[in-house]
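Architecture at a glance
Here's the letter readout for the chains.
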Amino acid sequence: MGKITVQTDNFDIGAEIEKIRNNRVDIGAIVSFTGTVRDTVGDLDAMTLEHYPGMTEKELERIAADAHKRWPILDCTIIHRVGRMEPGENIVLVITASPHRKAAFESAEFLMDFLKTNATIWKKEATDKGDNWVAAKSSDDDALNKW
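Now for a look at the structure at hand.

1. Quick word on unusual backbone geometry
Residue Asn-22 is not a glycine yet carries a positive backbone phi of 35°. Examined against the element boundaries, Asn-22 turns out to sit in the loop between helix H1 (13-21) and strand S2 (29-36).

This is the structure we're talking about:
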C-alpha cells in the first residue's frame, strides 16, 4: 500500500521520492504534490493542524486503498503533518508511482481531493486579528464530484 504517516516533523521530499524509486525498473512515472502553509493576506502568524490519532491514519489508508483499486499504482506515500506550522512550511506530501504518467497524475490528484475533504484534520489560523478555525470550502466538495 505504501507509506502513510501523520507526524509533527517536517519531511524531505527528495528522500521520500528516492525511497519509492529504490532502483525499481517497473516504475515509469512518479508524481508528487507538496502542500505548504500559505499566507495570501500577509497576516498569518501560524497554522495549527489537529487530528484524531488512529482515526486519521485509518481514513488515509482507506483513501489510498481506493486509489489502488482505481489505478495501477505501484507505490504511494502520504505524509501529513500536524501541530503548529509557520508560512512556507510543508504540510502534506502525496507521491504516486505507476507504470504510466496518466495513472500517477490522476491518482495523486484523487488522493489530494479526498484527503482535503475526508481526512479528520482541522486547521486553525493564528493571525494578528486572533485565531480562527478554517471552514470547509464548497470548491473542495466540488472537486470530489469529478471522481
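Moving on from the model shown.
2. Some details on the packing of helix H2 (residues 55-70) against helix H3 (residues 101-118)
The N-to-C vectors of H2 and H3 enclose an angle of 150°; their axes lie 10 Å apart at closest approach. With respect to H3, the axis of H2 lies roughly antiparallel. In this structure, the crossing between H2 and H3 has a hand that is right-handed. Residues Glu-59, Leu-60, Arg-62, Ile-63, Ala-64, Asp-66, Ala-67 and Arg-70 of H2 pack against Phe-110, Leu-111, Phe-114, Leu-115 and Asn-118 of H3. Along the lines of polarity and charge, the residues of the contact of H2 with H3 split into 8 nonpolar, 1 polar and 4 charged.

3. Remarks on the side chain of Asn-90
On the secondary structure map, Asn-90 appears in strand S6 (residues 90-98). Polar side-chain contacts of Asn-90 include one of 2.9 Å to the side chain of Asn-10. Non-local contacts of Asn-90, meaning those with residues more than four positions away in its chain, are made with Asn-10, Phe-11, Thr-34, Gly-35, Thr-36, Arg-81 and Met-85.

About the thresholds
- Residues numbered from 1 in each chain as written.
- Predicted model: local features only at pLDDT ≥ 70, side-chain atom pairs only at ≥ 80, totals over all residues.
- Heavy atoms only, no water.
- Helix = DSSP H or I, 4+ residues; strand = E, 2+ residues; numbered from the N terminus.
- Axes fitted to C-alpha atoms, helices over the stretch in contact; angles between N-to-C directions.
- Parallel < 35°, antiparallel > 145°, perpendicular 65-115°, else oblique.
- Left-handed = near helix turned anticlockwise from the far one by under 90°.
- Contact = heavy atoms within 4.5 Å.
- Nonpolar A, V, L, I, M, F, W, Y, C, P; charged D, E, K, R; others polar.
- Polar contact = N/O pair within 3.5 Å; in protein donor to acceptor, adjacent residues only side chain to side chain.

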